[in-house]
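For reference, the chains in residue letters:
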Amino acid sequence: MMKWEENVRKVVPYTPGEQPKKSHMIKLNTNENPYPPAPAVAEVVKNFNTDMLRMYPDPAIGDLVQEIADFYKVSRDEVFVGVGSDDVLAMIFLTFFNGKKPILFPDITYSFYDVWADMLRIPYETVPLDDAFCIRPQDYARENGGVIFPNPNAPTGELLPVEVVESIIKANPDVIVVVDEAYIDFGGESALPLIHKYDNLIVVQTFSKSRSLAGSRIGYAFANKTLIKYLSDVKYSFNSYTMDRITIEVGTQAMRDRAYFEQTTAKIIATREWTKKELAKLGFVFGDSKSNFIFATHPDIDTVKLFEDLKSADIYVRHFNKPERIRPYLRISIGTDAQMQEMIEFLKKYLEK
Ligand code: PMP
């Protein structure tokens, strides 16, 4: 071993879902939105004055921050913007999880949390979900260095009512509580209004799912201005120009089109409920997801084999090997009606065999 090896920060990175380059496929593996972003986004990209790219972008991402603040009726110093909510969450881990006590998150959850914790040497403990894959709020009422969970949770899709989220925040006044609301627009009630009631709350959201902009990388957080200031100080100490000029404009336009956002999320919710009915008819078992995916298993078939067989038919879904308890489950993102119909047809034939 070389001497310098001992000084390397060794990490086991997060494994994102596959991004196959195929012209015809049904891609239901990374919870992307099947509809294009708001029409004004295409105009931004088409008409962008490339001469502007000579200059650094606005480090404060002011236009986009203002648009988000207007949409959600909060003040601009209560908004932080990052390059995808992954960036926002990474900055939150770096800024707020600096204690010696372990931070808490569910044992089945977004599989990036333990990666950040390991990378940043943050002690953590995972808290088991109950048998129905639900978070038990009382398990978070103990000494810890911080709390983070997605609502709805991923990859289960299970939603906590906002009163239950509040009970977790209330039980943890001495640490920062982060509610990761990547999927909240598909049927959940946001904890956002609670940032005015609890000074230890951060709510994180993203443009990647409900605003069809996974490819642009825009995420944001809401909290009181003291927390946003701490977060911004760390961001500026790391990389001040995080978001490029085109993305800032793209995000601003997407946030402005409320009608399109409401229309596409309503379509996805309707397709999700149709898909649930069809999967149930075929004997699949799943919870009442309020996200843009369904986490399903089947008592009579080998779902790991099904995962591979779907892939051979160019239908991509997501399978997680760990923890053991979720090995028999597949996470199926909600696509267009036509895509879901094609998948259901495939499954019907598959189960007839
Ligand atoms: N949180 C959760 C729970 C997620 O599932 C994802 C998507 N992988 C993210 C955050 C990050 O999304 P993005 O960086 O695209 O905003």
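This text follows the structure it describes.
Nothing here was measured: the structure is a model prediction, and the numbers come from that model. (Residues numbered from 1 in each chain as written. Predicted model: local features only at pLDDT ≥ 70, side-chain atom pairs only at ≥ 80, totals over all residues. Heavy atoms only, no water.)

Before going further, it helps to examine the overall build of the protein. For the protein, the count of helices and strands is 10 helices and 13 strands. Compactness check: the protein gives a C-alpha radius of gyration of 21 Å against a globular reference of 20 Å for 353 residues, within 12% of the reference. Projected onto its principal axes, the C-alpha positions of the protein cover 60 × 55 × 50 Å. Sequence separation of at least 24 residues holds for 73% of the intrachain contacts in the protein that already meet a minimum separation of 6. Split by element, the accessible area of the protein, about 16,700 Å² in all, is 54% carbon and sulfur. Taking the average location of the 42 positive side-chain charges in the protein and that of its 49 negative ones, the two points are 2 Å from each other. (Helix = DSSP H or I, 4+ residues; strand = E, 2+ residues; numbered from the N terminus. Rg over C-alpha atoms; globule rule 2.2 N^0.38 Å. Contact = heavy atoms within 4.5 Å. Areas by Shrake-Rupley, 256 points an atom, 1.4 Å probe, with all protein chains shown as cover. Lys, Arg positive; Asp, Glu negative; His and termini not counted. Charge placed at Lys NZ, Arg CZ, Asp CG, Glu CD.)

Where nonpolar side chains cluster on the molecular surface, the patch consists of Met2, Trp4 and Val8 and spans about 330 Å² of accessible area. Examined against the element boundaries, Trp4 turns out to sit in the segment before β1 (26–27). Its relative accessible area of 53% is what places Trp4 among the exposed residues. (Patch = residues over 30% accessible without salt bridge, like charges linked within 9 Å, V, L, I, M, F, W, Y side chains within 5 Å. Salt bridge = Lys/Arg side-chain N within 4 Å of Asp/Glu carboxyl O. Buried < 20%, exposed > 50% of the residue type's maximum accessible area, 1.4 Å probe, protein only.)

To continue, consider the packing of aromatic side chains. A full pass over the atoms with the stated rule returns 25 aromatic pairs. Judged by centre distance (5.2 Å) and plane angle (65 degrees), the ring pair of Tyr72 and Phe222 falls under edge-to-face. Highlighted residues: Tyr72 in helix α2 (residues 62–72) and Phe222 in strand β8 (residues 219–222), separated in sequence by 150 residues. Comparing Tyr72 with Phe222, the two get one shared label, buried. Clustering of aromatic rings is evident, with ring pairs tying together Tyr14, Phe93, Phe97, Phe105, Tyr110, Phe112, Tyr113, Trp116 and Tyr124. Its end group placed over the ring of Phe207, Arg211 keeps NZ or CZ at 5.7 Å from the ring centre. The cationic tip of Lys267 hangs over the ring face of Tyr35; the distance from NZ or CZ to the ring centre is 4.3 Å. (Phe/Tyr/Trp six-rings, centres within 6.5 Å; stacked < 30°, edge-to-face > 60°. Lys NZ or Arg CZ within 6 Å of the ring centre and 35° of its normal.)

For the rest of this paragraph, the subject is the nonpolar core. Ranked by internal contacts, the top residues of the largest apolar core, which has 50 residues, are Leu64, Ile68, Val81, Phe149, Phe207 and Phe222. Ranked by the residues each element gives to this core, the list is headed by α2, at 6 residues. Here Ile68 is in contact with Val79, Val81, Phe207, Tyr220, Phe222 and Met255, once residues within four sequence places are set aside. (Core = buried A, V, L, I, M, F, W, Y, C linked by side-chain atoms within 4.5 Å.)

With that settled, consider the site of the ligand. In the vicinity of the ligand there are 14 residues, among which Ser85, Asp180, Tyr183, Thr206 and Ser208 approach most closely. Between the ligand and Tyr110 there is a distance of 3.2 Å, counted from a nitrogen atom to a side-chain nitrogen or oxygen. A distance of 2.5 Å separates an oxygen atom of the ligand from a polar side-chain atom of Thr206. For the ligand, the protein covers 91% of the area, taking 400 Å² as the surface of the free molecule. Class assignment for the residues of the shell around the ligand results in 6 nonpolar, 4 polar and 4 charged. (Near = heavy atom within 4 Å. Polar contact = N/O pair within 3.5 Å; in protein donor to acceptor, adjacent residues only side chain to side chain. Nonpolar A, V, L, I, M, F, W, Y, C, P; charged D, E, K, R; others polar.)

Here we take up the pairing of β8. Here β8 shows a buried face lined by Gly219 and Ala221 and a second buried face lined by Tyr220 and Phe222. As defined by bridge partners, strand β2 (residues 79–82) adjoins β8 across 4 bridges and the pair is classed as antiparallel. Within the sheet, the bridge partner assigned to Val79 lies in β8 and is Phe222. As judged from the 4 bridges shared by strand β7 (residues 201–206) and β8, these two strands associate in the antiparallel manner. Within β8, the position partnered with Thr206 by the bridge is Gly219. (Pairing = 2+ DSSP bridges.)

As a further point, take the pattern of salt bridges. Counted according to the given criterion, the structure contains 23 salt bridges. In this structure, Glu166 and Lys197 form a salt bridge, with 2.7 Å as the shortest nitrogen-oxygen distance. On the criterion of sequence distance, the pair formed by Glu166 in helix α5 (residues 162–170) and Lys197 in the loop between β6 (177–180) and β7 is long-range, its members being 31 residues apart. Judged by relative accessible area, which is 17%, Glu166 ranks as buried. Sharing partners across several salt bridges, the network here consists of Arg272, Glu273, Lys276, Asp288 and Lys290.

Here we come to the environment of Cys134. By secondary structure assignment, the location of Cys134 is in the loop between β4 (124–127) and β5 (146–150). Put simply, Cys134 and Leu160 are 26 residues apart on the chain and 8.1 Å apart in space, counted from C-alpha to C-alpha. Apart from the residues within four sequence positions on either side, Cys134 is in contact with Leu129 and Glu158.

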